[in-house]
Amino acid sequence: ASATLDCKEFGTFNREDSKTFHSNDTEFSVSYGDTSYAIGTWRYDSININDVNLTNVSIGVANKTNSSVGIMGIGLSNLENTYTGVENVKNRNTHKYLNFPMLLKEQGFIEKNVYSLFLNRREAFEGSILFGAVDHSKYSGQLYTVPMLNLYQQQGLKDPLQLQVTLQGVGIEANNMTNTTSTTPVPALLDSGTTLVYLPDKMLAMLAEQLNAHWDRGIGYYVTDCSRVDNTNLYFNFGGFNIVSNMSTYVVSRSNENSCVLGLS
């Protein structure tokens with residue numbers, strides 16, 4: 001099959017240009033919720049970023065994919081493609097490797113296997129990621145610590161699979177009044193790569209009612225008047241503190257009729 005993607009904008013990896021490249025002779029296959037996928041082989045190479053030189057980094061070299069950009073996996077080791085893949089589990093050929101932040105710690109560049117994301121304002125073209133620390137100048141208010149959930153303990157996993165915490169409830173702030181929508185605790189996945197906010201059906205329906213939003217079957221989203229969105233805050237309660245942001249943050253698009261499509265699903 002001939003290539004249908006032009007990867008010149010972001011560049012591609014050419015193993016012929018690397019003196020430190022070597023293979024471990026195993027294959028990988030991974031797919032994501034947005035239908036993107038990649039198939040190829042696991043290899044090792046060095047990664048150089050400014051003065052940081054990491055050696056023996058596991059990378060998947062894609063031979064076939066429908067994505068034009070690479071993915072740097074920095075999640076928990078229990079969610080690694082080599083540990084959770086269907087074929088791996090079926091063949092009992094599961095193993096873990098040290099990913100980028102883990103290698104930064106092991107090779108002495110950072111003291112803790114942590115990272116923080118600065119998403120910047122919505123209109124910004126760039127943000128930043130900081131490995132090993134938190135930049136306290138990038139936020140206001142108190143920094144909280146919340147326990148992670150292990151939803152797969154009964155399946156034999158001793159450690160958490162994903163960055164999940166307990167969401168104690170959600171609510172609406174409008175006209176100097178706070179209306180609690182739900183106080184039912186649910187697991188919440190903190191994920192930088194998901195476009196929409198996904199909520200349980202009942203919780204979403206209650207939020208939509210408070211926003212006077214209606215379900216548009218044609219486009220598959222809730223739609224409401226933009227004035228209601230601009231004058232309303234949505235808050236998430238994580239137990240003892242709230243994360244509050246204006247509802248305009250969750251608008252996917254605005255129409256000429258002053259209707260706003262909500263990125264809540």
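Every chain's residues receive numbers from 1 upward, in the order its sequence appears when written. Restriction of local features to residues with pLDDT of at least 70 applies here, the model being predicted, together with a cutoff of 80 or more for giving and counting side-chain atom pairs; totals for whole chains, interfaces and linings are based on all residues. As a rule here, side-chain values cover all heavy atoms of the structure and leave hydrogens and water aside.

## A word on the state of the cysteines
Cysteine pairs can be linked by a disulfide, which is a covalent bond between their two sulfur atoms.
Then step 1. Disulfides are defined as cysteine sulfur pairs within 2.5 Å. Scanning the model with the defined rule gives one disulfide in all.
Then step 2. Two residues share a disulfide in this structure: C226 and C260, whose sulfurs sit 2.1 Å from each other. Around the S-S axis, the bridge from C226 to C260 shows a dihedral of about 110° and counts as right-handed. Of this pair, C226 sits in helix α5 (residues 226–230) while C260 sits in strand β15 (residues 259–262), and the two are 34 residues apart along the sequence. C260 matches C226 in its accessibility class, with the two residues each being buried. We count a stretch as a helix when DSSP gives it H or I for four or more residues in a row; a strand needs E for two or more, and each element gets its number in order from the N terminus. Each residue is assigned to one of three classes by its accessible area relative to the maximum for its type, calculated with a 1.4 Å probe on protein chains only: buried under 20%, partly exposed between the two thresholds, exposed over 50%.

## Re the sheet that holds strand β11 (residues 221–225)
Then step 1. DSSP bridges decide pairing: two strands pair if at least two such bridges lie between them. With respect to topology, four strands assemble into an open sheet ordered β10-β11-β15-β14, the strand pairing being antiparallel. One side of each edge strand has no neighbouring strand; the edge strands of this open sheet are β10 (214–216) and β14 (251–254). Taken pair by pair, the neighbouring strands of this sheet meet at an average axis angle of 35°, ignoring direction. The convention used is that axes are lines fitted to C-alpha atoms, helices contributing only their stretch in contact, and that angles between N-to-C directions extend from 0 to 180 degrees.

## Things to note about unusual backbone geometry
Then step 1. Of note, the phi angle at N120 is positive, near 65°, even though the residue is not glycine.
Then step 2. With respect to the helices and strands, the residue N120 is situated in the loop between β4 (115–118) and β5 (128–131).
Then step 3. Positioned with a positive phi, N175 is a non-glycine residue whose angle comes to about 55°.
Then step 4. The residue N175 is located in the loop between β7 (169–174) and β8 (177–182) in this model.
Then step 5. Look at N175 and you get exposed, because its relative accessible area is 69%.

## A short note on a nonpolar patch on the surface
Then step 1. Distance thresholds for patches are 9 Å for like charges and 5 Å for nonpolar side chains (Val, Leu, Ile, Met, Phe, Trp, Tyr), applied to residues having over 30% relative accessible area and no salt bridge. Under the convention used here, a 1.4 Å probe and the Shrake-Rupley method define accessible areas, while residue burial counts only the protein chains that appear. The rule for a salt bridge is simple: a side-chain nitrogen of Lys or Arg has to be within 4 Å of a carboxyl oxygen of Asp or Glu. Among the surface-exposed residues, M148, L163, L189 and L190 lie close enough to one another that they form a single nonpolar patch of about 330 Å² accessible area.
Then step 2. Tracing the sequence through the fold places M148 in the loop between β5 and β6 (164–167).

## Considering the nonpolar core
Then step 1. Counting 26 residues, the largest nonpolar core has L167, L234, F236, M247 and L262 as its most contacted members.
Then step 2. Sorting the residues of this core by element identifies β6, β7, β9 (186–189), α4 (201–210), α5, β12 (232–237) and β15 as the ones contributing at least two each.
Then step 3. Ranked by the residues each element gives to this core, the list is headed by α4, at four residues.
Then step 4. Put simply, buried Ala, Val, Leu, Ile, Met, Phe, Trp, Tyr and Cys residues joined by side-chain atoms within 4.5 Å make one nonpolar core. The next biggest cluster of nonpolar side chains, apart from the first, holds eight residues, and it includes V57, L103, L104 and I110.

## Observations regarding the packing of aromatic side chains
One pair of aromatic rings is described through two measures. These are the centre distance and the angle between the planes.
Then step 1. Under the pairing criterion, centres of Phe, Tyr and Trp rings, with the six-membered ring standing for Trp, must be within 6.5 Å; the plane angle then separates stacked pairs below 30 degrees from edge-to-face pairs above 60, leaving the rest tilted. One pass over the structure, following the stated rule, counts nine aromatic pairs.
Then step 2. For the ring pair Y144 and F241, a centre distance of 4.0 Å and an interplane angle of 5° mean the geometry is stacked. Residue Y144 is found in the loop between β5 and β6, and its partner F241 is found in the loop between β12 and β13 (242–246); the two are separated by 97 residues along the sequence.
Then step 3. A relative accessible area of 14% means that F241 is categorised as buried.
Then step 4. Ring geometry for F236 and Y250: centres 6.5 Å apart, planes at 65°, overall edge-to-face. With F236 in strand β12 and Y250 in the loop between β13 and β14, the pair connects residues that are 14 residues apart, well separated along the chain.
Then step 5. The structure contains a cluster of three or more aromatic residues connected by ring pairs, namely F28, W42 and Y97.
Then step 6. Either the NZ atom of lysine or the CZ atom of arginine qualifies as a charge over a ring when it sits within 6 Å of the ring centre and within 35 degrees of the ring normal. It is K138 that lies over the ring of F118; its NZ or CZ is 5.3 Å from the centre.

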